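This is what each chain is made of:
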Amino acid sequence: SLPLQPMTSKIEEGMLKGVPAPSVEAAVKRRLEDYLTIRSLLDDYLKKHGQPVSIPPEYFVRLAECLYCGLSRDDVKSLLESAPPASIPVVTRGVEVFASLRQLQFDPNFAQQIVVTGMRYGYFASEQQEFARIMAAAKRKGIDEEQITRVTTAGIKDHLEAREISERLGISPQDAGR
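The structure displayed is predicted, hence computed values, not measured ones. (Residues numbered from 1 in each chain as written. Predicted model: local features only at pLDDT ≥ 70, side-chain atom pairs only at ≥ 80, totals over all residues. Heavy atoms only, no water.)

Concerning the overall build of the protein
Here is step 1: Within the protein, the secondary structure is distributed over nine helices and zero strands.
Here is step 2: Across the protein, helices and strands are ordered from the amino to the carboxyl terminus as α-α-α-α-α-α-α-α-α.
Here is step 3: With the C-alpha coordinates aligned to their principal axes, the bounding extent of the protein is approximately 55 × 40 × 25 Å.
Here is step 4: Counting all 178 residues of the protein, 44% fall into the buried class.
Here is step 5: Here the analysis covers contacts within the protein between residues at least 6 apart in sequence; of these, 70% occur between residues at least 24 apart.
Here is step 6: Surface accessibility of the protein: about 9,200 Å² in total, with carbon and sulfur atoms responsible for 51%. (Helix = DSSP H or I, 4+ residues; strand = E, 2+ residues; numbered from the N terminus. Buried < 20%, exposed > 50% of the residue type's maximum accessible area, 1.4 Å probe, protein only. Contact = heavy atoms within 4.5 Å. Areas by Shrake-Rupley, 256 points an atom, 1.4 Å probe, with all protein chains shown as cover.)

See the structure below:
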């Protein structure tokens, strides 16, 4: 089943803003299509990896919200097709990190390589709050994306903390805003 709260919130938002009913209806239909797409992609991913097809509403909403953060349905599909078996929380965090990297204008292939490596090594099992800030700081410093990807994936494979990856990239706590 689909979470209803995002749909009712969209209706309430439209009503409060005085948006014409046909426009609200169109927005709710788009959101419904996004949720149905996410459910279909997750169903395929979970079946492919022999996992139970059960998605807690909280993760469902977080994954669908990534579509409003710059990811396309094809981005999510491509990532899930190449992603290793992982729990729904890890998959969700991986998609969120992917969205963050894409917002930073990371090349989709480099972003996907970082996220798939992180998922494979359980790096995104915990909320890596500072991970995106470090990637943003590296880009601001002008570090080549290929080098960022190489250093980051090696650090993930070595089970380094985000702080240690930051050091390997030459990013200070001040650079990363920590």
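Some words on helix 4 (residues 73–82)
Here is step 1: By the burial criterion, the buried members of helix 4 are Asp75, Val76, Leu79 and Leu80. Considered in projection along helix 4, the buried side chains sweep an arc of 125° and stay on one side of the axis.
Here is step 2: In this structure, the buried side of helix 4 is in contact with helix 2 (21–48), helix 5 (88–103) and helix 6 (108–120). (Arc of directions from axis to C-beta.)

Quick notes on helix 8 (residues 145–157)
Here is step 1: Here helix 8 contains 13 residues, and its C-alpha end-to-end distance of 18 Å stays within 8% of the 18 Å for a straight helix at 1.5 Å per residue.
Here is step 2: Inspection of helix 8 places Glu145, Ile148, Thr149, Val151, Thr152, Thr153, Gly155 and Ile156 among the buried residues, and these make up the whole buried set.
Here is step 3: Against helix 6, helix 7 (131–140) and helix 9 (162–168) lie the buried residues of helix 8.
Here is step 4: Put simply, Asp144 is the residue that caps the front of helix 8, since its side-chain oxygen is 3.0 Å from the backbone nitrogen of Glu146.
Here is step 5: Positioned one or two residues after helix 8, His159 has a phi angle of 60°, which is positive. (Expected span 1.5 Å × (residues − 1). Polar contact = N/O pair within 3.5 Å; in protein donor to acceptor, adjacent residues only side chain to side chain.)

Let's talk about unusual backbone geometry
Here is step 1: One non-glycine residue, Gln105, lies in positive phi territory at about 65°.
Here is step 2: Looking at where Gln105 falls in the secondary structure, it is placed in the loop between helix 5 and helix 6.
Here is step 3: What makes Gln105 exposed here is its relative accessible area of 60%.
Here is step 4: Not every positive phi belongs to a glycine, and His159 is a case in point at roughly 60°.
Here is step 5: Looking at the element boundaries, His159 is found in the loop between helix 8 and helix 9.

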